Amino acid sequence: MHEYDLIADWYAAHRAGPRGVPEVTALAASLPAGAWVLDAGCGTGLPLTRVLLEHGCQVMGVDSSRELLARFQANFPHVPVRCAPIQSCELQDRAFDAAISWGVLFHLRHEEQEQAIANIARALKPGAAFLFTSGDAHSSIDGAPMNGVPFRYHSYSVDGYRDLLRAHGLTLEATHTDPGGNVYYLSRRTG
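Residues numbered from 1 in each chain as written. Predicted model: local features only at pLDDT ≥ 70, side-chain atom pairs only at ≥ 80, totals over all residues. Heavy atoms only, no water.

Going through the model one piece at a time under the given rule, you end up with 9 aromatic pairs. Note on Phe 106 and Tyr 153: the rings are 5.3 Å apart at their centroids and 55° apart in plane angle, and the pair reads as tilted. Residue Phe 106 is located in the loop between strand 4 (96–101) and helix 6 (110–123), and its partner Tyr 153 is located in strand 7 (residues 152–155); the two are separated by 47 residues in the primary sequence. Taken together, the ring pairs connect Phe 130, Phe 132, Tyr 156, Tyr 161 and Tyr 185 into an aromatic cluster. (Phe/Tyr/Trp six-rings, centres within 6.5 Å; stacked < 30°, edge-to-face > 60°. Helix = DSSP H or I, 4+ residues; strand = E, 2+ residues; numbered from the N terminus.)

Written out as structure tokens, the structure reads:
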């Protein structure tokens, strides 16, 4: 997203906290050694890509922000990356054991979220988990600016995500909200 290019330095300085770490740690601990994980919307890679790597996962990062990817590559020079929107990124050359998407889908319009979920689902092995965050009420709203840059947010309801995931071969297994108000969806590729 172009907006993240505008705030890359600020974002890199403010996003290294523990949000998402317990959830990604639990996912990584459930994977076999050497599992390939897609980090869709990887940003700088801190802290979530680091968690995956520390648990022995192999990671491919995807982000549409060139500025954030430059920081990701400085942090993890040996991790492959693709600079593209997740909804149209070419992923078919690799099958992933899991995918994460923290703080990304809600930036995409509803139809783009469906494209992103479909694209990620096609790249997952049968039984692979997909962990993502988004809202839990069907809406499109203007959010508070980050470092002066306005962002728009879009979400489905929990039932809306359940239906959308099912349409693309994924089953919603669990949802929960962390102390910071982030809503997590854990789904799994069927068949």
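On to the nonpolar core, then. Counting residues in hydrophobic clusters, the biggest one holds 30 residues, and the most contacted among them are Leu 38, Ile 86, Leu 91, Ile 117, Ile 120, Leu 124 and Phe 130. Broken down by element, this core gets its largest block of residues, 5 residues, from helix 6. With near-sequence residues (within four places) excluded, Phe 130 lies in contact with Ala 99, Ile 100, Ser 101, Leu 105, Ile 117, Ile 120, Leu 124, Leu 165, Leu 170, Tyr 185, Leu 186 and Ser 187. Grouped together as the second largest cluster of nonpolar side chains are 22 residues, Cys 42, Val 51, Trp 102 and Leu 131 included. (Core = buried A, V, L, I, M, F, W, Y, C linked by side-chain atoms within 4.5 Å. Buried < 20%, exposed > 50% of the residue type's maximum accessible area, 1.4 Å probe, protein only. Contact = heavy atoms within 4.5 Å.)

We now examine the packing of helix 6 against helix 7 (residues 158–167). With their axes 9 Å apart at the nearest point, helix 6 and helix 7 run at an angle of 45° to one another. The orientation of helix 6 with respect to helix 7, classified from their angle, is oblique. Classified by chirality, the crossing of helix 7 by helix 6 is right-handed. Two secondary-structure elements touch here, helix 6 through Gln 113, Glu 114 and Ile 117 and helix 7 through Tyr 161, Leu 164 and Leu 165. For the contact of helix 6 with helix 7, the residue count by class is 4 nonpolar, 1 polar and 1 charged. (Axes fitted to C-alpha atoms, helices over the stretch in contact; angles between N-to-C directions. Parallel < 35°, antiparallel > 145°, perpendicular 65-115°, else oblique. Left-handed = near helix turned anticlockwise from the far one by under 90°. Nonpolar A, V, L, I, M, F, W, Y, C, P; charged D, E, K, R; others polar.)

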